Amino acid sequence: MLNKNLAAIDIGTNSFHLIVVKIKNKGNFEIIDREKEVIRLGEGSSTDIKKILPAAMKRAVDCLVRFKEIAASHNAIIRAVATSAVREAHNRNEFIELVRQKTGIEIEVVSGHEEARLIYLGALKALPIYNNRTLLVDIGGGSTEFVVGFEGHIDYSVSLKLGAVRLSEKFFPDFKVTPSRVETCRRWVEGEIFPVANQLKQFRVDKIVGSSGTIMSCGFMINAKKKKPSDSAILNNFTFSKNELKEVVKETLSKKTPEKRKKIKGLDEKRADIIPAGVIILETIFDLLGINEMTISGYALREGIIIDTLQKSASEKSKPVLADIRKESVMHLAEKCEYDRKHCIHVSRLALELYDDLVPLHKLKPECREYLEAASILHDVGYHISHTNHHHHSYYIIKNSELLGFSENEIDIIAHTARYHRKSHPKPGHSEFMKLNDQTREVIKKLSSILRIADSFDRTHRKIVSRLSASVEPKKVKITVKHKKSMEPVIELWNLERRKKLFEEIFGKKVLTELVKQ
């Protein structure tokens, strides 16, 4: 399995999605290609998707021919999973056989519960929710899945025949919005979700997560309204509030036609026709379940297919690690960039020793320790591009990589901390740095000042300095430097003199050292 790339195809009611991944150790994978096509497989089938129409079937086959060619170009094994549109169609066997004949692709039709499980697996790889009891909501074209999961196990799951395409066909057949249609649709959705809402009240959940088209679209519309919108392509770990959702719903339903809705900032034009039904479903879920905020998972069914395939693999090395996806994501990026493992891990340990001893001085929140560890491990990944200005390259790589489990602001902190591990201090003339808020900039300054000192103590990459400890005094910070008996850290101390100025400026204390041979 590890010698082959994998391709996952999500055959949905509204869209078909393809991802092609390169498999790494420990179940990590790198997405090397992706495609999406709006097929509308359930088109013309009203509320109950009973038959795949000939035109939709042709669009589907043509799309899968293209997906097969893309997967073949990467020498990838294909696994294709079909959801509500196919599982409910009376002519599903005809469709499956046609696809097999035309493309060679064998389609797996999964139940609503299995669909929910695969989506949950995808979310576990995208967000740090393994140790949280999580309610996951996924609104697709033909169905909506609810999952309550904890530590990889599912406590509850249900799949309802509520989807953006399905309800558009039933309540907005010409895709035009009127008050009476909206009200009728709301009442229907409330009736369908109410029993599920009652069942979910028995679970005390720590986190609410949403995934797939409708929820991602709402996220993009909400993001577009912000003063400093994210430029992320998937909004992974993006959190929005009930009030923010209400604003988007109000705007969406005020636009009577798809043409008017196409002008809504952040909305994909291809979703302008079905988005009213989608936002009604999501708003009703928020209301009936008493949800105040939701976090978006950038991964869903197709990534879950990859993870499930790897979990079923005979090789232990290929089994995904889901308990600490943030650390795994950092290490995956570091390994991908062929980092100097011994140096970076050593610098990380030195940096964390300083961080822990200096808590009374820096007074940072506990989560900042994790940001420092990540930045320390990744600070030299820029060498993968060029030695010259590698700190700038490190920033670019970190900022533009999918560090799963981290929010965009957290990625900004990690990327900037790595960028400032050498050379210039943070300055008003640095535009990307100045875009951040005051609190975030302060965290970056403190973390990068600690990283600069830690990195200076392994300037030769020979681990001459084995341990660091620090004590805070009224006018100084004394760093005890434990080093090998046989070697003096001459270059390290010389480098410290060049790197310590940022620390001294931020904390207003001189940095002094005491050498101890080990």
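Each remark here, short or long, concerns the structure printed above.
From a predicted model like this one, the values you see are computed outputs, not experimental measurements.

J.: What am I meant to see in the packing of aromatic side chains here?
T.: For any pair of aromatic rings, the description rests on two quantities: the centre-to-centre distance and the angle between the ring planes. One pass over the full model with this rule turns up six aromatic pairs. Between Phe29 and Tyr299, the ring centres sit 6.1 Å apart and the planes meet at 20 degrees, which makes this aromatic pair stacked. A residue pair is termed long-range when its members are at least 10 positions apart, and Phe29 in strand β3 (residues 29-38) and Tyr299 in the loop between β11 (293-296) and α11 (301-311) qualify at 270 residues. Under the relative-accessibility criterion, Phe29 is labelled buried at 7%. Residue Tyr299 is classed as buried on the basis of its relative accessible area of 3%. Measuring from ring centre to ring centre gives 5.7 Å for Tyr420 and Phe433, while their planes differ by 80 degrees; the resulting arrangement is edge-to-face. Placement of the pair is Tyr420 in the loop between α17 (408-419) and α18 (431-434) and Phe433 in helix α18, with a sequence separation of 13 residues.

J.: Hey, could you run me through empty space enclosed by the protein in this one?
T.: Over the atoms rolls a probe the size of a water molecule, and in doing so it shows where empty space is left. On inspection of all chains with the given rule, the structure shows one cavity of 30 Å³ or more. Size it by volume and the largest cavity reaches roughly 30 Å³. Contributing to the lining of the largest cavity are Arg40, Glu43, Val165, Ser168, Glu169, Phe175 and Ile274. Residue classes in the lining of the largest cavity are distributed as three nonpolar, one polar and three charged.

J.: I would appreciate a short explanation of the sheet that holds strand β7 (residues 144-150) in the present structure.
T.: What holds strands together in a sheet is hydrogen bonding between their backbones, with the strands either parallel or antiparallel. If you trace the six strands from one edge of the open sheet to the other, you get β8-β7-β6-β9-β11-β10, paired in mixed fashion. The open sheet has two free edges, formed respectively by β8 (153-160) and β10 (239-241), since each of these has just one partner strand. Taking the axes of each pair of neighbouring strands and ignoring which way they run, one obtains an average angle of 25 degrees across the sheet. Sheet topology note: the strand β6 (residues 134-139)/β7 ladder contains six bridges and is antiparallel. By the bridge assignment for β7, Leu136 is matched with Val147.

J.: Just checking my understanding: could you explain the side chain of Thr13 for this structure?
T.: For Thr13, the position within the fold is in the loop between β1 (5-11) and β2 (15-23). Within polar-contact distance, the side chain of Thr13 engages the backbone nitrogen of Gly142 at 3.4 Å.

J.: Explain helix α1 (residues 54-73) to me, please; I cannot follow it from the model alone.
T.: Each α-helix winds once per 3.6 residues, and so residues spaced three or four apart point in a common direction. Given a rise of 1.5 Å per residue, 20 residues ought to cover 28 Å, and the 29 Å separating the end C-alpha atoms of α1 matches this to within 8%. Looking at α1, one finds that the buried residues are Ala56, Met57, Ala60, Val61, Cys63, Leu64, Phe67, Ile70 and Ala71. For α1, the secondary structure elements touched by its buried residues are β1, β2, β3, β4 (76-82) and α3 (92-103). Positioned one or two residues after α1, Asn75 has a phi angle of 55 degrees, which is positive.

J.: What's the story with the nonpolar core in this structure? I'm lost.
T.: General note: in soluble globular proteins, nonpolar side chains tend to be found buried as a group. If you look at the biggest cluster of nonpolar residues, it comprises 55 residues, and the most contacted ones within it are Ile398 and Ile479. Ignoring any residue separated from it by four or fewer positions in sequence, one finds Ile398 in contact with Leu333, Leu378, Val381, Leu403, Ile411, Ile414, Ala415 and Ala418. Listed in part, the 47 residues of the second largest apolar core include Cys185, Met216, Leu245 and Ile275.

J.: It is not clear to me how a positive patch on the surface should be interpreted in this structure. Could you clarify?
T.: Residues Lys342, Arg462, Lys463 and Lys484 make up a contiguous surface patch of positive charge. Looking at where Lys342 falls in the secondary structure, it is placed in helix α13 (residues 341-357). Judged by relative accessible area, Lys342 falls into the exposed class, the value being 65%.

J.: Hey, could you run me through unusual backbone geometry in this one?
T.: One can expect most non-glycine residues to show negative phi and most peptide bonds to be in trans. One non-glycine residue, Ser212, lies in positive phi territory at about 80 degrees. Relative to the helices and strands, Ser212 resides in the loop between β9 (207-211) and α7 (213-224). The residue Asn389 is not glycine, and still its phi comes out positive at about 55 degrees. Judged by its relative accessible area of 41%, Asn389 falls in the partly exposed class.

J.: Whenever I open this one, the layout of surface pockets confuses me. Can you help?
T.: Here the second largest pocket defines a volume of roughly 720 Å³. For the second largest pocket, the lining is made up of 41 residues, of which His17, Lys36, Ser212, Gly213 and Arg302 are closest to its centre. Looking at the lining of the second largest pocket, the elements with two or more residues in it are β2, β3, α4 (112-126), β6, α7 and α11. The element best represented in the lining of the second largest pocket is α7, accounting for five residues. Of the residues assigned to the lining of the second largest pocket, the class counts are 13 nonpolar, 18 polar and ten charged.

J.: Before we go on, may I ask you to explain the packing of helix α5 (residues 164-171) against helix α6 (residues 179-200) in this structure?
T.: Each pair of packed helices can be described by the angle between their axes along with the distance between the axes. Taken N-terminus to C-terminus, the directions of α5 and α6 make an angle of 130 degrees; their axes are 10 Å apart at the nearest point. One finds that α5 runs oblique with respect to α6. When the axes of α5 and α6 are compared, the crossing they make is right-handed. Taken together, the residues of α6 that come into contact with α5 (itself represented by Leu167, Lys170 and Phe171) are Arg181, Thr184, Cys185, Trp188 and Val189.

Conventions and cut-offs
- Residues numbered from 1 in each chain as written.
- Predicted model: local features only at pLDDT ≥ 70, side-chain atom pairs only at ≥ 80, totals over all residues.
- Heavy atoms only, no water.
- Phe/Tyr/Trp six-rings, centres within 6.5 Å; stacked < 30°, edge-to-face > 60°.
- Helix = DSSP H or I, 4+ residues; strand = E, 2+ residues; numbered from the N terminus.
- Buried < 20%, exposed > 50% of the residue type's maximum accessible area, 1.4 Å probe, protein only.
- 1 Å grid on protein atoms, 1.4 Å probe; cavity = no way out; pocket = protein on both sides within 12 Å on 5 of 7 lines; lining within 4 Å.
- Points joined across faces, edges and corners; volume = space filled by probe spheres on them.
- Nonpolar A, V, L, I, M, F, W, Y, C, P; charged D, E, K, R; others polar.
- Pairing = 2+ DSSP bridges.
- Axes fitted to C-alpha atoms, helices over the stretch in contact; angles between N-to-C directions.
- Polar contact = N/O pair within 3.5 Å; in protein donor to acceptor, adjacent residues only side chain to side chain.
- Expected span 1.5 Å × (residues − 1).
- Contact = heavy atoms within 4.5 Å.
- Core = buried A, V, L, I, M, F, W, Y, C linked by side-chain atoms within 4.5 Å.
- Patch = residues over 30% accessible without salt bridge, like charges linked within 9 Å, V, L, I, M, F, W, Y side chains within 5 Å.
- Areas by Shrake-Rupley, 256 points an atom, 1.4 Å probe, with all protein chains shown as cover.
- Salt bridge = Lys/Arg side-chain N within 4 Å of Asp/Glu carboxyl O.
- Lys, Arg positive; Asp, Glu negative; His and termini not counted.
- Charge placed at Lys NZ, Arg CZ, Asp CG, Glu CD.
- Parallel < 35°, antiparallel > 145°, perpendicular 65-115°, else oblique.
- Left-handed = near helix turned anticlockwise from the far one by under 90°.

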